[in-house]
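Chain residues, written in single-letter form:
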Amino acid sequence: MRVVVIGYAATGRAVEARLAGEGHTVTVIDDATDGSGSMTPGDQDEALDAILLGADLVVPSPGVRPSHRLLQRAAARGVAVRSEIDLAAERAGVPMVAVTGTNGKTTTTELVAAALRSGGRDVIVGGNIGTPLISVVGEPGDVVVAEVSSFQLHFTTAAFHPRVAVLLNVADDHLDWHGDLAAYTRDKAKVFAHQTRADTLVVNVDDAGARALAGEAASTRVAVTLAAHDDAYHVARGALRAPGGAPIVAVDALARALPHDLTNALCAAAAAHTLGVDADAISRALRDYATLPHRVQFIGENCGVRYIDDSKATNPHAAVRAVEAFESVVLLAGGLNKGLDLGALTAADARIRAVVAFGAAGDEVATAFAGHKAVQRVHSMHDAVIAARDYAQPGDVVLLSPGCASFDMYANYGERGDDFANEVRVLIHGTNETSEITTRQEA
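Keep in mind that this is a model prediction, so the values were computed, not measured.

### Examining the sheet that holds strand β12 (residues 239-241)
If you walk across this open sheet you meet the three strands as β11-β12-β13, and the pairing is antiparallel. Taken across any chain shown, the strands that pair with only one partner, and hence form the sheet edges, are β11 (234-236) and β13 (247-250). Averaged over all neighbouring strand pairs, the angle between strand axes comes to 30°, with direction disregarded. For β11 and β12, the ladder comprises three bridges, and the chain directions are antiparallel. In the strand pairing of β12, Val235 is matched with Leu240. Each of β12 and β13 touches helix α12 (residues 279-288); the most contacted strand, β13, lies at about 20° to it.

### Here's the deal with the pairing of strand β6 (residues 123-127)
Regular strands place side chains that alternate from one sheet face to the opposite one. Extensive coverage of β6 is indicated by the burial of four of its five residues. One ladder, built from five bridges, connects β6 with strand β7 (residues 143-147); its direction is parallel. Looking at β7, one finds that Val125 is bridged to Val145.

### Notes on helix α11 (residues 259-274)
For α11, which comprises 16 residues, the first-to-last C-alpha distance of 23 Å matches the rise-based estimate of 22 Å (1.5 Å per residue) to within 8%. Taking burial as the measure, the 16 residues of α11 include 13 buried ones, the bulk of the element. Once α11 ends, the next one or two residues include Gly276, with phi positive near 95°.

### Description of the pairing of strand β5 (residues 96-100)
Along β5, five of the five residues are buried, which leaves the element largely enclosed by surrounding structure. Going residue by residue along β5, you find Met96, Ala98 and Thr100 tucked away on one face and Val97 and Val99 tucked away on the opposite face as well. Summarising the sheet, β5 and β7 pair through four bridges and their orientation is parallel. Bridge pairing in β7 links Ala98 to Ala146. Summarising the sheet, β5 and strand β8 (residues 164-167) pair through four bridges and their orientation is parallel. In the strand pairing of β8, Thr100 is matched with Leu167.

### Some details on the confidence of the model for the chain
Caution applies to low-pLDDT regions: their predicted coordinates should not be interpreted in detail. Taken over all residues, the pLDDT of the chain has a mean of 93, while the share at 70 or more is 94%. In the model, residues 33-41 has pLDDT below 50 throughout and makes four contacts with residues more than four positions away in sequence or in other chains. Contacts for the low-pLDDT stretch residues 434-443, under 50 throughout, to residues beyond four places or in other chains number 39 contacts.

What counts as what
Residues numbered from 1 in each chain as written. Predicted model: local features only at pLDDT ≥ 70, side-chain atom pairs only at ≥ 80, totals over all residues. Heavy atoms only, no water. Pairing = 2+ DSSP bridges. Helix = DSSP H or I, 4+ residues; strand = E, 2+ residues; numbered from the N terminus. Axes fitted to C-alpha atoms, helices over the stretch in contact; angles between N-to-C directions. Contact = heavy atoms within 4.5 Å. Buried < 20%, exposed > 50% of the residue type's maximum accessible area, 1.4 Å probe, protein only. Expected span 1.5 Å × (residues − 1). pLDDT = per-residue confidence, 0-100.

If you want it as structure tokens, here you go:
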């Protein structure tokens, strides 16, 4: 088989290594090196057709847009296009749990893996969480747990058939890539598109978008809710509970129990239980889990004000969810807008004392809150932290929850969060401590 891979970052390299190792002929193109941008349209098509000559398959890396000229030429020539996770699923050989949603994917993926391991399962983890899935499938293990993004799901085919799919939430995100919410939602639906009644879809029914989308699924649906509801995984009488009311773990036993933490934990418990893990093993995993950095992470306290890093909140839905976890917030928001309506940030403005707007989208953030909240526009993280300090009162939370991507000022959301944390440490201690940068795809 002759394969053309688009993009030569981590995923492209992993696909090349796997397929070449299987004896396939692999050609890699990368927009940074193929020179097509300088061609006239006719010459470009001729060059791309030459690349596709004799090709059986095109594999785009995550983030390669459907409008990419090579994909258009592949469609015109009838060449199949498949995603890396689709190829990986074909090679997995063991059941897969696939986790998706606008927010909470990484945490829930790690919780599912932890619960399965606690139950004695040999777990393989990959996908959008950091390691290309095709690099790890086929390794020793009896279940694959994969975080999957809308970018990865876009080009999937029937080979991508998870035994358990987890749908956390669906809200506006990456509309600059997908075009509109309907297209983004269609791609999210591909997580369960090829499931059958014998498979399971775990769905957070507290989220209207996820609840509506799950109605299209042919698989067996398992509901998760924070409301007391005996037909779902739920919260009641101080504990996370399975359908029927059997306790899984006490809320007080969790390291952190914000509303979204409980939802993520319930979804992980439902997925692990579906694959045969008992409540005691799930409880151990949930009690022992330490939250990941840059996700509503406490940095320090100064003059009665807590400073929280939620740099991972790269869309308004995530930022609003973080704000709603606190009573009174000075919000730091801005960055690179992904084609989203930043006016959605005002959904939680009853809990917001003031807003500090920064980054390329700072003016959009300021406009959204103008006239009903105190707003200051700044141009550096140092100035943002100082402005937030001046607004905050004892008992408040200064919350970095940007609602935007980081790429206007930083390499990734982890670097942005580290910058915030360092500025907070300077404020509190007068010292700048460099912390490890977390690099993950913002998808």
